[in-house]
Amino acid sequence: MNKLFEVKNLNMLYPVTDGLFGNIRGYVYALNNVDIDIYENEILGLVGESGSGKSTLGNCILKLINPTNGEVIFEGENILIKNKKELKPFRKKAQLIFQNPYMSLNPRMKIYDILKEPFIVNGIKDKTEIDSKIKRIVNLIGMQDEILNRYPHEFSGGQRQRIAIARAIILNPQFVVADEPVSALDVSIQAQIVNLLIELKDHLNLTMLFISHDLSIIKYISDRVAVMYLGEIVEIAEKEEFFNNHKHPYSQALLDAVPVISDDKKADRNILSGDIPSPTKPPKGCKIHTRCPYVMPKCKEQKPELKEISPNHKVRCFLFDK
Ligand code: SF4
């Protein structure tokens, strides 16, 4: 498999300021030494609790925010050191699908103008080309040409998300970050949008980073799964391996937290105690040690590395150190 992205040692610290003079009184450790590869034509599912750094990672990979340090290698070049002009070709190739289709579409613009905007931003002015690509994309998202003359408020949440997806892929990107793209939608609509994303991925040879807190959706859509906790990747594996043979106590807890109708094994469940600690004061050592049922003395002092325990399966936990 070819790598489309190599993310190396990515760190993101936000300063926390207070007082009249904006003195820095600490930092939010949003990403810590994140190393991750994204392969061509895969859907990499990124899962974790709210506040784990998933969206920050997606935004840094797209250089929508600048990380504190690290590298994001795309087609052999570190996009983080590029300026606005140098980034233009990358902007066409890598796009974001937002979580909330109610917020992401300008209510004053007709759908035609919303879908035309990416062409204008990228200096494409040929009306025949624009119109034919708009019609093609409307068709691909399963809607009719007549939507082009209407406004976002005339559509349901699911339809709006289809339009938002169309806008993200209209310039034929290679890569898309889908940041919780169905979490604002009714459960009955979620499967339709997830299926649409799978169809589009196959049809357009897309590579996708699919961010979600919902493991059942991650299981359905992903080729590989990465788990984040307090700004760190704690486990990454191919989907089958992850769901059949996950190792990290946090992955186990996430899976145990998925509701099931018949719950004979309730007593065996590993539900983590307490809330995720504040990212302004992450625990020393293993970051999950304050909640981990298997905590050992060294977990409180030393930080475990993300290590390969079998081919393509990495875990950050002392329990699996050889
Ligand atoms: Fe739990 Fe220790 Fe493993 Fe961290 S390193 S997950 S605290 S057992």
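It should be emphasised that the depicted structure is a prediction, and the values quoted were computed from it without experimental measurement. Every chain is numbered independently, its residues counted from 1 as its sequence is written. In keeping with the predicted nature of the model, local features appear solely for residues at pLDDT of at least 70, side-chain atom pairs appear and are counted solely at 80 or more, and the whole-chain, interface and lining totals rest on all residues. The basis for every side-chain value is the complete set of non-hydrogen atoms in the structure, without hydrogens or water.

**Student:** How would you summarise the overall build of the protein chain if you had to cite specific residues and measurements?
**Tutor:** Only DSSP runs of H or I covering at least 4 residues are called helices, and only runs of E covering at least 2 are called strands; the numbering of each starts at the N terminus. Regarding its fold elements, the protein chain presents 10 helices and 12 strands. For 322 residues, the compact-globule estimate of 2.2 N^0.38 gives 20 Å, and the protein chain sits close to it at 21 Å. Relative accessibility under 20% of the residue-type maximum defines a buried residue, over 50% an exposed one, and the middle range a partly exposed one, all with a 1.4 Å probe and only protein chains included. The buried share of the protein chain, reckoned over its 322 residues, is 48%. Only heavy atoms matter for contacts: two residues are in contact if any of them lie within 4.5 Å across the pair. The long-range fraction of contacts in the protein chain, counting pairs at least 24 apart against all pairs at least 6 apart in sequence, stands at 64%. Accessibility throughout is a Shrake-Rupley quantity obtained with a 1.4 Å probe, and a residue counts as covered only by protein chains that appear here. Of the accessible surface of the protein chain, which amounts to about 16,300 Å², a share of 49% is contributed by carbon and sulfur atoms. His residues and chain termini do not enter the charge count, which takes Lys and Arg as positive and Asp and Glu as negative. We put the charge of a Lys on NZ, of an Arg on CZ, of an Asp on CG and of a Glu on CD. Placing the 43 positive and 40 negative side-chain charges of the protein chain at their respective mean positions leaves the two points 5 Å apart. Throughout, radius of gyration means the C-alpha value; the globule benchmark is 2.2 Å times the number of residues raised to the power 0.38.

**Student:** Mind laying out helix α6 (residues 157-169), listing which residues take part and the relevant values?
**Tutor:** Between the first and last residue of a helix there are one fewer steps than residues, each counted as 1.5 Å, and that sum is the expected span. With 13 residues, α6 should reach 18 Å at 1.5 Å per residue; the first-to-last C-alpha distance of 18 Å fits that figure. Most of α6 sits out of view: 12 of its 13 residues are buried. Within α6, burial applies to Gly157, Gly158, Arg160, Gln161, Arg162, Ile163, Ala164, Ile165, Ala166, Arg167, Ala168 and Ile169. Where α6 is buried, its residues meet β6 (94-97), α3 (101-104), α4 (111-121), α5 (127-140), β7 (175-179) and α7 (187-204).

**Student:** An account of the nonpolar core is requested, with residue identities and associated values reported.
**Tutor:** Taken as a class, soluble globular proteins show a tendency for nonpolar side chains to be buried jointly. Of all hydrophobic cores here, the largest spans 64 residues; its most connected members are Leu115, Ile134 and Phe210. By nonpolar core is meant a set of buried Ala, Val, Leu, Ile, Met, Phe, Trp, Tyr and Cys residues that side-chain atoms within 4.5 Å join together. Among the nonpolar cores identified, the runner-up in size contains 32 residues, and Leu10, Phe74, Phe175 and Val177 belong to it.

**Student:** I'd love a proper account of empty space enclosed by the protein, names of residues and values included.
**Tutor:** Of the two site types, the cavity is a set of points on a 1 Å grid over the protein atoms alone where a 1.4 Å probe fits but cannot get out, and the pocket is an open set with protein on both sides within 12 Å along at least five of seven lines, each lined by residues with an atom within 4 Å of a point. Grid points are joined across faces, edges and corners, and a volume is the space filled by probe spheres set on the points. Inspection of every chain in the model, using the stated rule, returns two cavities of 30 Å³ or more. Considering the residues around the largest cavity, the lining is formed by 14 residues, among which Cys286, Ile288, Cys292, Cys299 and Cys317 are closest to the centre. Taken together, Tyr229, Glu232, Val234, His248, Cys286, Lys287, Ile288, Lys303, Pro304 and Arg316 make up the lining of the second largest cavity. Polarity classes work like this: nonpolar for Ala, Val, Leu, Ile, Met, Phe, Trp, Tyr, Cys and Pro, charged for Asp, Glu, Lys and Arg, and polar for all others, with Gly in that last group. Looking at the lining of the second largest cavity residue by residue, the class counts come to five nonpolar, one polar and four charged.

**Student:** Help me get a handle on the site of the ligand, residues and values and all.
**Tutor:** Only a single heavy atom is needed: when it lies within 4 Å of a molecule or strand, its residue is near that molecule or strand. All residues adjacent to the ligand are His248, Pro249, Cys286, Ile288, His289, Cys292, Tyr294, Cys299, Pro304, Cys317, Phe318 and Leu319. More than half of a molecule's atoms lying within 2 Å of a cavity's or pocket's grid points is what places that molecule inside it. When atoms are counted within 2 Å of each cavity's grid points, the one that captures over half of the ligand is the largest cavity. Grouping the amino acids of the shell around the ligand by side-chain chemistry returns 10 nonpolar, two polar and no charged.

**Student:** How would you summarise the sheet that holds strand β5 (residues 77-78) if you had to cite specific residues and measurements?
**Tutor:** Strand order in the open sheet formed by four strands is β2-β1-β4-β5, and the pairing between neighbours is antiparallel. The open sheet has two free edges, formed respectively by β2 (23-39) and β5, since each of these has just one partner strand. Where strand β1 (residues 3-18) and strand β4 (residues 69-74) come together, five bridges link them in antiparallel fashion. Residue pairing for β4: lysine 8 is matched across the bridge by glutamate 71. Between the N-to-C directions of two axes lies an angle of 0 to 180 degrees, each axis being a line fitted to C-alpha atoms and, for a helix, fitted only over the stretch in contact. Sheet contacts for helix α1 (residues 54-61): β1, β2 and β4; angle to β1, the most-contacted strand, approximately 120 degrees. Paired strands, as defined in this entry, are two strands with at least two bridges between them according to DSSP.

**Student:** Can you tell me about the packing of aromatic side chains, naming the residues and giving the values?
**Tutor:** Centre distance within 6.5 Å is the pairing criterion for rings of Phe, Tyr and Trp, where only the six-membered ring of Trp is used; planes under 30 degrees apart are then read as stacked, over 60 as edge-to-face, and the remainder as tilted. On inspection of all chains with the given rule, the structure shows six aromatic pairs. Summarising the aromatic geometry, the rings of phenylalanine 5 and phenylalanine 175 are spaced 4.5 Å apart at their centres and angled 50 degrees between planes, so their arrangement reads as tilted. With phenylalanine 5 in strand β1 and phenylalanine 175 in strand β7, this residue pair connects regions lying 170 residues apart in the sequence. Taken individually, phenylalanine 5 and phenylalanine 175 each receive the classification buried, so the pair is uniform in this respect. Over the ring of phenylalanine 318 we find lysine 298; its NZ or CZ atom is 4.4 Å from the centre of that ring. Whether a charge lies above a ring is judged from NZ of Lys or CZ of Arg, which has to be within 6 Å of the ring centre and within 35 degrees of the ring normal.

**Student:** An account of the packing of α4 against α6 is needed here, citing residue identities and associated values.
**Tutor:** Where α4 contacts α6, the axes come no closer than 8 Å and their chain directions differ by 25 degrees. Between α4 and α6, the crossing angle belongs to the class labelled roughly parallel. Where α4 crosses over α6, the two elements pack in a sense that is right-handed. In contact with Ile111, Ile114, Leu115 and Pro118 of α4, α6 contributes Ile163, Ala166 and Arg167. Any angle that falls under 35 degrees is termed roughly parallel, while one over 145 is termed roughly antiparallel, one within 65 to 115 roughly perpendicular, and all others oblique. Crossings are classed by handedness, with left-handed meaning an anticlockwise turn of the near helix from the far one by less than a right angle and right-handed meaning a clockwise turn.

**Student:** I'd love a proper account of unusual backbone geometry, names of residues and values included.
**Tutor:** Of note, asparagine 9 is a non-glycine position whose phi angle comes to about 45 degrees, a positive value. Mapped onto the fold, asparagine 9 is located in strand β1. Not every positive phi belongs to a glycine, and glutamate 180 is a case in point at roughly 50 degrees. Taking relative accessible area as the criterion, glutamate 180 reaches 10% and is therefore assigned buried.

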